[in-house]
Amino acid sequence: MQICKTIPALRQLLDGYRKEGKSIGLVPTMGALHSGHISLIEKANSANDLTVCSIYVNPTQFNNQDDFEMYPQTLEKDCEMLKPAGCDVVFAPSHNEMYPDGFHENLIQLNFGGIAEELEGKFRPGHFNGVGIVVTKLFNIVNPDKAYFGQKDLQQFLIISKLVKDFSFGIDLVCCAIVREEDGLAMSSRNSRLSQEERNEASLLFKVLSEAKEKLIFGEDVSVVGNEARQQIASNQFFKLEYFEIVDIKSLKPIHKINNLEDIALCVSAHLGKARLIDNMLVKTSKVGVN
Ligand code: PAF
């Protein structure tokens, strides 16, 4: 496994592989890897000749400075996990490499339309602009055939799908299923911020999502199901609920009536101690092409 820290070094390496006709799969990450990331690497490895993992904690997507500063940086440990999973190349650039002109001012502004204004967009201003910028940079630097993202960041996946379409990137996006702990908690690098007491409570989000999904399948009223779910989370003293929404999978706008169960996603975000947790569940998985 090779580690490249600069764009020219990575380009030179990948050009060599491309000349040999090898296909490239990219797994963009911010490091602090867990089994969820490793499942993306394995998926990329099984479908491409070469798997590239980028590790870069992108400052422009953090709307909260404390969250950025607390973000774990564990490059050595990450590399130890990546090698046996079949990763061939790690791209771990510095801030200067990614943003040579700095990242505080004069950032390009992307407009993703209404989809970026729902859910996370209401609580993390500027977040998707930063994601869009860094993913565009990574796509231009690596020029992969396929790129792999987790369904846990469902809205991010839909926004990157729009980015690929609007900028005509010739890249196939693969959305990979959420990997969960035994009790259902969705794996996340931010879970390490939970105290033991908070960790014991953390699976509530999965429980609430699963129950709400069942109720929708049984035909219960959408607003009743949504309100019960919100109530369950809000009444737990450890959680501070941001949103629980039952949304249309394409627009991410809240729905009030179900026409087709395949069109629906349940999305939640809540603070638990020092961690902000997000999770989601599709009622049927076919629409975003989750693998
Ligand atoms: O999902 C993430 O880890 C990040 O948002 C991404 C896609 C690597 C961009 O920094």
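Structure: above.
Right, let's walk through the structure included here.

### A word on the overall build of the chain
Thinking step 1. Scanning the chain from terminus to terminus reveals 11 helices and nine strands.
Thinking step 2. Whereas a compact globule of 291 residues would reach a radius of gyration of roughly 19 Å, the chain reaches 19 Å, a difference of no more than 12%.
Thinking step 3. With respect to the principal axes defined by its C-alpha atoms, the chain has extents near 55 × 40 × 40 Å.
Thinking step 4. For the chain, the residues scored as buried account for 51% of the 291 residues in total.
Thinking step 5. Considering only intrachain contacts with a sequence separation of at least 6, the fraction spanning at least 24 residues in the chain is 74%.
Thinking step 6. With an accessible surface of roughly 13800 Å², the chain has 48% of that area assigned to carbon and sulfur atoms.

### Structural notes on the nonpolar core
Thinking step 1. Judged by nonpolar contacts, the single largest core of 48 residues is most densely connected at Leu10, Val52, Phe91, Met98, Val135, Phe139 and Val142.
Thinking step 2. Here this core takes nine residues from helix α7 (residues 127-142), the largest share from any one element.
Thinking step 3. When residues no more than four places from it in sequence are discounted, the contact partners of valine 135 are Phe149, Ile160 and Leu163.
Thinking step 4. With 27 residues, the next largest nonpolar core counts Leu216, Val222, Leu277 and Val283 among its residues.

### A word on the packing of helix α10 (residues 204-217) against helix α11 (residues 222-234)
For any two helices packed against each other, one specifies the inter-axial angle together with the distance between the axes.
Thinking step 1. At a closest axis distance of 10 Å, the pairing of α10 and α11 adopts a crossing angle of 165°. Compared by their axis directions, α10 and α11 come out roughly antiparallel. For the pair α10 and α11, the crossing hand works out as right-handed. Along the contact surface, α10 presents Leu204, Leu205, Lys207, Val208, Glu211, Ala212, Lys215 and Leu216, while α11 presents Val222, Val225, Glu228, Ala229, Gln232 and Ile233.
Thinking step 2. The residue makeup of the contact of α10 with α11, split by class, is nine nonpolar, one polar and four charged.

### Some thoughts on the site of the ligand
Thinking step 1. The local shell around the ligand consists of Pro28, Thr29, Met30, Asn58, Gln61, Val134, Phe149, Asp153 and Gln156.
Thinking step 2. Glutamine 61 places a polar side-chain atom, nitrogen or oxygen, 2.6 Å from an oxygen atom of the ligand.
Thinking step 3. Between an oxygen atom of the ligand and a side-chain N or O atom of glutamine 156, the distance comes to 2.7 Å.
Thinking step 4. Relative to its unbound accessible area of 290 Å², the ligand is 89% covered by the protein chains.

### Let's talk about the sheet that holds strand β9 (residues 275-282)
Hydrogen bonds along the backbone pair up the strands of a sheet, which may run parallel or antiparallel.
Thinking step 1. If you trace the three strands from one edge of the open sheet to the other, you get β7-β8-β9, paired in antiparallel fashion. The strands lining the two open edges of the sheet, one partner per strand, are β7 (239-248) and β9. Between one strand axis and the next, the sheet turns by 10° as a mean value, whatever way the strands run.
Thinking step 2. Direction of pairing for β7 relative to strand β8 (residues 264-272): antiparallel, over a ladder of nine bridges. Within the sheet, the bridge partner assigned to valine 247 lies in β8 and is alanine 265.

Rules and cut-offs
Residues numbered from 1 in each chain as written. Predicted model: local features only at pLDDT ≥ 70, side-chain atom pairs only at ≥ 80, totals over all residues. Heavy atoms only, no water. Helix = DSSP H or I, 4+ residues; strand = E, 2+ residues; numbered from the N terminus. Rg over C-alpha atoms; globule rule 2.2 N^0.38 Å. Buried < 20%, exposed > 50% of the residue type's maximum accessible area, 1.4 Å probe, protein only. Contact = heavy atoms within 4.5 Å. Areas by Shrake-Rupley, 256 points an atom, 1.4 Å probe, with all protein chains shown as cover. Core = buried A, V, L, I, M, F, W, Y, C linked by side-chain atoms within 4.5 Å. Axes fitted to C-alpha atoms, helices over the stretch in contact; angles between N-to-C directions. Parallel < 35°, antiparallel > 145°, perpendicular 65-115°, else oblique. Left-handed = near helix turned anticlockwise from the far one by under 90°. Nonpolar A, V, L, I, M, F, W, Y, C, P; charged D, E, K, R; others polar. Near = heavy atom within 4 Å. Polar contact = N/O pair within 3.5 Å; in protein donor to acceptor, adjacent residues only side chain to side chain. Pairing = 2+ DSSP bridges.

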